[in-house]
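# Structural overview for review
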Amino acid sequence: MTTTAPVFEQFVEGFGTVRIVPVDPDRDAPLLHTWVTAERARFWGMCGATLEEVRDIYTHLDSLTTHHAFLVERDGVPVALFQTYEPEADRVSECYEVRPGDLGVHLLLAPPTTPEPGFSSNLVKAFAAYALADRERIVAEPDAANEKAIALLVRSGFELGPEVVLPEVVLPEVHLVEKRARLTFFTKDAG
């Protein structure tokens, strides 16, 4: 269990208490490194990253006002990496018409120890409750080849949008390769 104060906490009947806490790059880099470099996380785009590179990426992310990284805990145990961002400050804004009240999200589930029915959908419900507390719509853009993530989002109430190509980003502190993505949207009314 982290000692950082949560930005969100919700008890989910039959599931447990879900807490969303800001990532501390120094404290959390070793855990995140094991998650983002695993083959199952290949769509996250960090499979070859070193521990130091992961720490640097999340230190950079922590310095931004438009992008945020969080650990999601269930009953005190880290179970997911959740990131939010302002779409107008991200490359996704080149691929769709951003509306006021949009919030972009990424979710990476930790490797499961034992598969549990409803686990992923309960986490999606919790992060949607957090994201929609002061927003109107969530925008997710999983890799177009990530069928499992797209299916999870659809089962959770996200509507499919178009398939797009997110442009490459090359900056001194960040390099993102071009990516085929499937836009998905979840509105406050759908929740």
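Here the structure is shown first, and the text comes after it.
Since we're looking at a predicted model, the values are computed, not measured.

What follows deals with the packing of aromatic side chains. Tallied over the full model, the rule gives 8 aromatic pairs. Of the aromatic side chains, those joined through ring pairs into one cluster are Phe8, Phe70, Phe82, Phe127 and Tyr130. Here the basic side chain of arginine 74 rests over the ring of phenylalanine 15, its NZ or CZ set 4.1 Å away from the ring centre.

Attention now goes to unusual backbone geometry. Although it is not a glycine, aspartate 75 sits at a positive phi angle of roughly 50°. Relative to the elements of secondary structure, aspartate 75 occurs in the loop between strand S3 (67-74) and strand S4 (77-85).

Our next topic: helix H2 (residues 51-63). Relative to the 18 Å expected for 13 residues at 1.5 Å per residue, H2 spans 19 Å between its end C-alpha atoms, a close match to the ideal helical length. For H2, the complete set of buried residues consists of Val54, Arg55, Tyr58 and Leu61. Buried residues of H2 fall within an arc of 125° about the axis and therefore sit on the same side. Turning to H2, the residues buried within the fold contact helix H1 (25-36), S3 and S4.

Before going further, it helps to spend a moment on the pattern of salt bridges. Tallied over the entire structure, the rule returns 12 salt bridges. Put simply, arginine 27 and aspartate 28 hold a salt bridge, and the shortest N to O gap is 2.7 Å. Aspartate 28 sits in the buried class, given a relative accessible area of 4%. In this structure, lysine 179 and glutamate 141 form a salt bridge, with 3.2 Å as the shortest nitrogen-oxygen distance. With a gap of 38 residues between them, lysine 179 in strand S10 (residues 179-187) and glutamate 141 in the loop between strand S6 (137-140) and helix H4 (147-155) connect regions that are remote in the sequence. Each member of the pair, lysine 179 as well as glutamate 141, is classed as buried. A single salt-bridge network, built from bridges that share partners, covers Glu9, Arg19 and Glu73.

What counts, and where the lines are drawn
Residues numbered from 1 in each chain as written. Predicted model: local features only at pLDDT ≥ 70, side-chain atom pairs only at ≥ 80, totals over all residues. Heavy atoms only, no water. Phe/Tyr/Trp six-rings, centres within 6.5 Å; stacked < 30°, edge-to-face > 60°. Lys NZ or Arg CZ within 6 Å of the ring centre and 35° of its normal. Helix = DSSP H or I, 4+ residues; strand = E, 2+ residues; numbered from the N terminus. Expected span 1.5 Å × (residues − 1). Buried < 20%, exposed > 50% of the residue type's maximum accessible area, 1.4 Å probe, protein only. Arc of directions from axis to C-beta. Contact = heavy atoms within 4.5 Å. Salt bridge = Lys/Arg side-chain N within 4 Å of Asp/Glu carboxyl O.

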